[in-house]
Every structure is written in C-alpha cells, then in structure tokens.
Amino acid sequence: MTTSLLQAKAAVPEYDRSKLVARIAHIGFGAFHRAHQAVCADKLAAQFGSDWGYCEINLIGGEQQIKDIREQDLLWSVSEMADDGWTSRIVGVAKTALHAELDGIEAVLEALSAPDIAIVSITVTEKGYCHHPATGQLNAEHPMIAHDLQHPDQPRSLPGVILAAIKRRKARGVPPFSVMSCDNMPENGHVTRNVITQLAQRQDPELAQWVAQHVTFPSTMVDRIVPAMTPETLAQITELLGVNDPAGIACEPFFQWVIEDSFVNGRPAWEKAGAELVQDVLPYEEMKLRMLNGSHSFLAYLGYLAGYAHISDCMQDEALVKAAHHLMLQEQAPTLRTQGVNLAAYADALLQRYRNRALKHRTWQIAMDGSQKLPQRMLDSIRWHLAHGSRFDMLALGVAGWMRYVGGVDEQGNAIDISDPLRDVLADVVRNSEQGEARVQALLGLEAIFGQDLPQQREFVATVTRYYQSLLQHGVKQTLRTLVW
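As the structure is a computational prediction, the values presented were derived from the model and not from experiment.

About the cut-offs
Residues numbered from 1 in each chain as written. Predicted model: local features only at pLDDT ≥ 70, side-chain atom pairs only at ≥ 80, totals over all residues. Heavy atoms only, no water. Salt bridge = Lys/Arg side-chain N within 4 Å of Asp/Glu carboxyl O. Helix = DSSP H or I, 4+ residues; strand = E, 2+ residues; numbered from the N terminus. Buried < 20%, exposed > 50% of the residue type's maximum accessible area, 1.4 Å probe, protein only. Arc of directions from axis to C-beta. Contact = heavy atoms within 4.5 Å. Pairing = 2+ DSSP bridges. Axes fitted to C-alpha atoms, helices over the stretch in contact; angles between N-to-C directions. Polar contact = N/O pair within 3.5 Å; in protein donor to acceptor, adjacent residues only side chain to side chain.

Q: Outline the pattern of salt bridges, listing residues and values.
A: Per the stated rule, a full pass over the model turns up 23 salt bridges. A salt bridge links Arg 89 to Asp 42, with the nearest nitrogen and oxygen atoms 2.9 Å apart. Of the two residues, Arg 89 is situated in strand β4 (residues 85–91) and Asp 42 in helix α2 (residues 37–48); the sequence distance between them amounts to 47 residues. The same class applies to Arg 89 and to Asp 42, which are both buried. The closest approach of N and O atoms between Arg 357 and Asp 83, which form a salt bridge, is 3.9 Å.

Right under this line is the structure:
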C-alpha cells in the first residue's frame, strides 16, 4: 500500500478517512464518477464532516482502474483544466473497491447487501442498462439478461446484479436501498426502475411487487466534461502533482448535479457541495440532454467527418459554431419544459465551455455509442417538431452526420473506428446497402433506434436524405455554409 498521493502538490484529504462509512455503492468506477459524484462526496467530508463513503464497483471492464486505486490506498487525483491553469485535489472517499471478475460476483453481491449501504449509484453509460433506447423498456433478448433469467443468483448484467442484491436484503430483513442512475438518459430513474422491475417480474412477481413498494429510483442530471485520458494528459498530471497517479482524471471546472429528492434510507447533504435537490429532474435532464449533449453529438459527427479531432477545434470553425448555436436555441430550446432558465445564456455558456483548449475532448469519444444516444439527444426533439409543424434542419443534419459517420469512412477517405454496441449490426447494414438514399432507408429500418414512427414520416425521411446526400456530395463545410449563411 502506498500513500504517496498524500504528498502530492494538491489539496489532500485532511479529514479522518477512518471515520468514513461505505454508505454508497457505486457501480461504474469510470472517469466521470471519479470527477463528479466522488468529488462532491470529498467536498462534503472535507468541509462539513460527512461520513458518507463509497464502495466502488466495476462489473465489466475497468479492472486496471480498480487495481490502481487499491495500490494507492484507494486515492486518486482530479485535476480541473482551464486555459489559465490547472488545479488538483486528491479524493479520499472510497472505502473499498471491487471488481466482479477479479473478486467474483459473490463478493460484489455481499457488498451490495451490507446493511450500511443506503444508495446504489450508477454510471455505466446507456448501453449498460440492457434496455431498448427507443422505449426505455428492458431488452429481454439481451444476452446478459437471458443469462440472468436462467441464473438469477449468478448475475452478469447491471439490472441482474442490483436485483440479486435486493433479493438478498429482503430475505435478510436488511433495509432497502435507493437506486440512483447518474447516466445521460432522459428520466434515467424511470429507465432504471423499468429494467429492474421488469426483470424481477420475469424472475419472481412477488419480488417485483416488493421492489415497487420499497425501492426508490431517483432521477438525476449530471454535467461535467471529462475527456478520455491520453498519455499526454497523464504526463501533465504527473508534472502537476509531482507524483504518478495512473488513476488520475482531468476535467473542466464546471460542475452541475440535479437530483430528485426521493431516498428511502437517507442521503448525504449533497446540496452543501453544490448539488440541487428538486422534486422533478426531467426539465433539467431535457435541457442538458438536448442542448448540451445534442450539440455535442452534432459537433462530434460533423466535426470528426470534417477532420477536427477535438471539440475545441470545432469551435475554431465559425460555421460549426453558428450551426451549434442555431441547433440549441432554434431547434432544441423550443422543445423544452424547463422554466425560469435563461436558455440563451445557457447556450452561450455551453459554447464558451466548448472553447476550453485545455480540454482535449475528442470528437471520436463523444461519437461513441451513437445508437444509444440519438433517441434522447435528437430524435425526441424531431418528433416534437413534426407534431408542431416546425423546422428541424440542424437536427436532421445531425442525424445525417451520424449516418455518414457509421458508414466507416471520413471525408479524407480514412477508416473510422466505430465504437457502438450495435457495431456489427451497423456494419451489416452499411455492407448490404448502396451509398445514398438506399443507405438512409436501411439505417432508418433499425427500429431500436428510430422506432416504428419516424421511418413513416415523409418529411423526416426526406429532410435527412437531403442532408445525407449533401454531406456525400459537398462535405460538411460546404453543407454548413449553405445552411448557416
């Protein structure tokens, strides 16, 4: 064990870590959690004496991150990156760290069944929920769900693991916990409830009824840009800290966390560390998903195709800036239920965040898992416009950009490494369809993404097809010039 991070040139934990209690089990010990929820808990412990600590858990992948923090006394660094300098803190709120493949699923289930655990929080990205993104319902044909239906006590999926822990707690008379998704999905609490209760219904209807009565699934909205780590960023962190931290994370200074205040077994005083506790998160979720995440995806697909490696590079292209601004205010903002928020100021603030050159946020990273992201970030807004008879040109261009991107070749003729849970399906569609209108029709046939309704909407199909053809014939920059000016 090493405590060398406590000698780092950074804000280090001065609270008594031995007094922390693992009250939150977090599934998905990735970069975002380390830079977001864990930092909030660290501030509560440092400034207000909170004893809420974490049991960190990874189910699939991320073995090295668990090994890394085990080797450094469950500590890691978070460095905030700004154009005018970086600042760092050492986060010390983890009490234990487990991996299902390193330690066995039994160890994970026992940790989740511990009486002190009051909340199970989640950051596993959209694909980890084993659901249909277009409907938010459980995908019963998912291979891991199929396994868990046959082997409920040896689960592999996120819903299966949480349900197995709930079953143990119920059998032992241990109080229930709340299950809190922190992933970028609209009504993420409702999606989490759907997949867990629908899996329970298939396993044990009585258990499903107990879950419905005793477990809460608060929704959240999270916001902080955390780029994927690169060797260059890790080298900068090492220079900044004066010590090596393989689990170190860099992120933007901005932080936002909106939480539905619905917990059955207590919660930390997150509001003291900058979180907002509300009765209804949905308006905030929609605002962030459509204006921020929607514009991020828009910039990612079009920017990558045009040869821009990072979002800050996209911000040097005036046409892309104008297009993203138009998308946010003219096509996303009208669809929102948010009240009392200056959306024009919010859009300007987002563009300013995107200009942060210290953030090397890769367009390729944001473009990942598009099949899971499109429904929430763009397609729901398009449905609103179709219902209201209004224009959605930028949204259609974003969809066309995704279609061009999953074709696997950029405008320079370079191969694109497609990272998506439907990668094989997408590759099959591309391989078996001719370039142009036929490709658009084939991709629109993916019901898991577009549902049954959108491919029947003539205006939607025609508009997406028109912009897809323009991207093919003229490229991103010329297409944008005809739109923006």
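Q: Explain helix α3 (residues 63–70) to me, using residue names and the numbers behind them.
A: Listing the buried residues of α3 in full gives Ile 66, Asp 68 and Ile 69. With its buried residues spanning 160° around the axis, α3 presents them on a single face. Lining the buried residues of α3 we find β2 (52–58), β3 (76–82) and β5 (94–99).

Q: So what's going on with helix α9 (residues 205–214)? Which residues, and what values?
A: Where α9 is concerned, the buried positions are Leu 207, Ala 208, Trp 210 and Val 211. Projected onto a plane normal to the axis of α9, the buried residues spread over an arc of 160° and lie on a single side. α9 presents Glu 206, Ala 212 and Gln 213 as exposed residues on the side facing more than 90 degrees away from its buried surface. Looking at the buried positions of α9, the neighbouring elements they touch are α7 (158–172) and α8 (188–203).

Q: Quick rundown of the sheet that holds strand β12 (residues 256–260)? Include the residues and the values.
A: Reading across from one edge, β10-β12-β13 is the order of the 3 strands in this open sheet, with mixed pairing throughout. Two strands lie at the open edges of the sheet, namely β10 (220–223) and β13 (276–278), each paired on one side alone. Direction aside, neighbouring strands of the sheet carry axes that sit 15° apart on average. In this fold helix α11 (residues 282–306) packs onto β10, β12 and β13, with an angle of close to 35° to the strand it touches most, β10.

Q: Go over unusual backbone geometry, please, and point to the residues and values.
A: The phi torsion at Leu 74 lies on the positive side, around 60°, for a residue other than glycine. Relative to the elements of secondary structure, Leu 74 occurs in the loop between α3 and β3.

Q: Which residues make up the environment of Val 195, and what are the values?
A: Mapped onto the elements, Val 195 comes out in helix α8. Residues Val 195 and Asn 139 lie 56 residues apart in sequence; the distance between their C-alpha atoms is 8.0 Å. Ignoring anything within four residues of it in the chain, the contact list for Val 195 reads Tyr 129, Cys 130, His 131, Leu 138 and Pro 159.

Q: Give me the lowdown on the pairing of strand β1 (residues 21–27), citing residues and values where you can.
A: Pairing analysis gives 6 bridges linking β1 to β2, with the strands arranged parallel. Bridge pairing in β2 links Ala 22 to Gly 53. Strand direction decides the pairing type here: β1 and strand β6 (residues 119–122), joined by 4 bridges, are parallel. Each bridged residue has a counterpart across the sheet, and for His 26 the counterpart in β6 is Ser 121.

Q: An account of the side chain of Gln 372 is requested, with residue identities and associated values reported.
A: Tracing the chain through its elements places Gln 372 in helix α16 (residues 370–388). A polar side-chain atom of Gln 372 sits 3.0 Å from a polar atom in the side chain of Ser 371. Look past the residues within four positions of Gln 372 in its chain and what remains in contact with it is Glu 126, Lys 127, Pro 133, Pro 421 and Leu 422.

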